[in-house]
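Chain residues, written in single-letter form:
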Protein chains: 2
Amino acid sequence: MYDSLIAHIRKFVPLSEEEENLLTTSLRHKKVRKKEFLLKEGQLCSANHFVLKGCFRMYFIQENGVEQIIQFAIENWWITDYQSLDWQQPSHFYIQAIEPSEIALFDQSIIPDLCDRIPKLDRYFRLIVQRAFAASQQNLLYIYTFSGEERYHHFNRAFPEFIQRVPQYMIASYLGFTPEFVSKIKGRR
Amino acid sequence: MYDSLIAHIRKFVPLSEEEENLLTTSLRHKKVRKKEFLLKEGQLCSANHFVLKGCFRMYFIQENGVEQIIQFAIENWWITDYQSLDWQQPSHFYIQAIEPSEIALFDQSIIPDLCDRIPKLDRYFRLIVQRAFAASQQNLLYIYTFSGEERYHHFNRAFPEFIQRVPQYMIASYLGFTPEFVSKIKGRR
DNA sequence: CGCGACGTTGATTTGCCTCAACGATTGTGG
DNA sequence: CCACAATCGTTGAGGCAAATCAACGTCGCG
């Protein structure tokens, strides 16, 4: 059931049989319906989520009511609001399933204890978050360097599967512009 | 010499006397002159840097030649390019001292061994990077939600000391617009 | 079928950039 | 210590990328 997660962890750190067992018994498995939320604005985020199957988006709602997506997550990606998780603050974000999905759920309350018992887990999470942070820095580079049109083409080349799985207006939101503008880009040829 | 760093680590994880000693003997101390670089584009980033004293900026150079700052770091902040560090890729970024500064330097080559000997260090770095990532997500929220003018005023309120220490054109660069535009914002009243 | 969600297209507006010229301040060599 | 250059900030005119607003086409679904 958690094969893909175990395999993912083993790509970063070694894991004994006992550790694997301890891990899988500490996890929670969850089926998530399309449009169901893992987190809503104002709630405390209490878990780190690993996508076993399906697709999610993390977004917030701007003052003018427009949704702004800041992250997608598909199979083998982690998604959570670390700000809310670390500081126990109400979240600014929504995390919602775009497709029928399944996740493995690491409850925050068990993480310290679990990391004490499987010390390599701290390293695993450190490396995972470092990657996410590096990607975020790289993303900033794209935002500042390229025009909307260039960013759209780059996204298409880099993540062709998203174009298949995700409605166009969500791509627009993630890239920071309006659905109309995507239409116009596609119209130019 | 490393008091502020030790204190910073102890805010997140416990540290025994021996561990503290092992740590301080593994670190390197470095004075950095104003405008000196810790990292340049094309180089491999080989260390994680903790600011003991002074101020740094991390930036890249856009295709049109304009500098784009993506992070500042003052006392008690870590600064590095994790993308280059993790993947051993040439960096896209520059890290440069804005003031005469002093840093503690964690060489990447000793980090795995050091973390094996002081397991809590993995957790410390995990928490540090999580914070940085959360801040980066929050920053994205600001970029997408607010106009340049709003972002400038928010930055002023949130980080008044930077306005003192950092030239105005660097603030402009960090916020993603031109120095001229900052002038015009200040002119409106 | 008819309604709501999604995408397209065009006219108009706007936030910020570009370019250019000009003070003020800093720093540097003679 | 002054002269001069370089750096930094200000101001204005004009331009462009992308937003806004509005109308319409299309598809899937209760």
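Every value quoted in this text rests on a predicted model; they were computed, and no experiment measured them.

## Some thoughts on the sheet that holds strand β6 (residues 78-79) of chain B
Residue and element names in this part refer to chain B. Strand order in the open sheet made by the four strands is β1-β8-β3-β6, with antiparallel pairing throughout. Either end of the sheet is taken by a strand with one partner, and the two such strands are β1 (28-32) and β6. Bridging between β1 and strand β8 (residues 101-107) involves five bridges; their strand directions are antiparallel. Residue pairing for β8: V32 is matched across the bridge by S101.

## Comments concerning the protein's contact with DNA strand C
Residues in close proximity to DNA strand C total 15 residues, the closest being Q168(A), S183(A), G148(B), F177(B) and T178(B). Restricting the count to atoms of DNA strand C within 4 Å of the protein gives a sugar and phosphate share of 65%. Take Q168(A): an N or O atom from its side chain is 2.7 Å from a phosphate oxygen of DNA strand C. Backbone polar atom of G148(B) to a phosphate oxygen of DNA strand C: 2.6 Å apart, as the coordinates give it. At the level of secondary structure, the elements contributing two or more residues to the surface near DNA strand C comprise α8 (168-175) and α9 (179-187) of chain A together with α9 (179-187) of chain B. Counting residues per element, the surface near DNA strand C draws most heavily on α9(A), at four residues. Split by residue class, the surface near DNA strand C holds four nonpolar, six polar and five charged.

## Some remarks on the interface of chain A and chain B
With 42 residues of chain A at the contact, the number on the chain B side is 43 residues. The largest contributions to the chain A side of the interface with chain B come from R126(A), F133(A) and Y144(A), which together make up 18% of the buried area. Summed over the shared surface of chain A and chain B, the number is eight salt bridges. One salt bridge connects D122(A) with R126(B), and the closest N-O pair in it is separated by 2.9 Å. On the surface where chain A and chain B come into contact, there are eight residue pairs in polar contact (both at pLDDT 80 or more). At the level of elements, β4 (55-61), β5 (67-74), α3 (82-87), α4 (111-117), α5 (120-145) and α8 of chain A are the ones that each hand at least two residues to the side of chain A that touches chain B. The dominant element in the side of chain A that touches chain B, judged by the number of residues it contributes, is α5(A), at 20 residues. Tallied by class, residues from the side of chain A that touches chain B come to 21 nonpolar, 13 polar and eight charged.

## Let's talk about the pairing of β8(B)
Residues and elements named next belong to chain B. Across the seven residues of β8, five count as buried, placing the element largely inside the fold. Note that strand β3 (residues 47-53) and β8 share six bridges and pair antiparallel. Its bridge partner lying in β8, V51 is registered against I103.

## Overview of empty space enclosed by the protein
Picture a little ball the size of a water molecule; that probe, rolled over the atoms, points out where space is still empty. Residues and elements named next belong to chain B. Counting across every chain of the model gives one cavity of 30 Å³ or more. Here the largest cavity is characterised by a volume of approximately 30 Å³. Taken together, D81, Q83, S84, Q89, P90, S91, H92 and F93 make up the full set of residues lining the largest cavity. Residue composition of the lining of the largest cavity, by class: two nonpolar, five polar and one charged.

## Quick look at the relation of the copies chain A and chain B
The two copies are related by a screw motion: chain A maps onto chain B through a turn of 180 degrees and a shift of 0.0 Å along the axis, at an RMSD of 0.1 Å. Seen this way, the second copy is the image of the first under a two-fold rotation axis. Minimal C-alpha distance to the rotation axis in chain A is attained by R126(A), lying at 2.1 Å. Both copies contact each other with a shared surface, as 100% of the interface residues of chain A are interface residues in chain B too.

## Focus on the state of the cysteines
Every disulfide links exactly two cysteines, by a covalent bond between their sulfur atoms. Taken as a whole and judged by the stated rule, the model has zero disulfides over all chains. In this structure C55(A) is a free cysteine whose sulfur lies 18 Å from that of C45(A), the closest cysteine sulfur available. A relative accessible area of 0% places C55(A) in the buried class. Distance from the sulfur of C45(B), which forms no disulfide, to the nearest cysteine sulfur (C115(B)) is 16 Å. Among the residues examined, C45(B) registers a relative accessible area of 2% and is labelled buried.

Conventions used here
- Residues numbered from 1 in each chain as written.
- Chains lettered and ligands numbered in written order.
- Predicted model: local features only at pLDDT ≥ 70, side-chain atom pairs only at ≥ 80, totals over all residues.
- Heavy atoms only, no water.
- Pairing = 2+ DSSP bridges.
- Helix = DSSP H or I, 4+ residues; strand = E, 2+ residues; numbered from the N terminus.
- Near = heavy atom within 4 Å.
- Polar contact = N/O pair within 3.5 Å; in protein donor to acceptor, adjacent residues only side chain to side chain.
- Nonpolar A, V, L, I, M, F, W, Y, C, P; charged D, E, K, R; others polar.
- Contact = heavy atoms within 4.5 Å.
- Buried area = accessible area lost by both parts, 1.4 Å probe.
- Salt bridge = Lys/Arg side-chain N within 4 Å of Asp/Glu carboxyl O.
- Buried < 20%, exposed > 50% of the residue type's maximum accessible area, 1.4 Å probe, protein only.
- 1 Å grid on protein atoms, 1.4 Å probe; cavity = no way out; pocket = protein on both sides within 12 Å on 5 of 7 lines; lining within 4 Å.
- Points joined across faces, edges and corners; volume = space filled by probe spheres on them.
- Least-squares fit on C-alpha atoms with pLDDT ≥ 70 in both.
- Disulfide = S-S within 2.5 Å.

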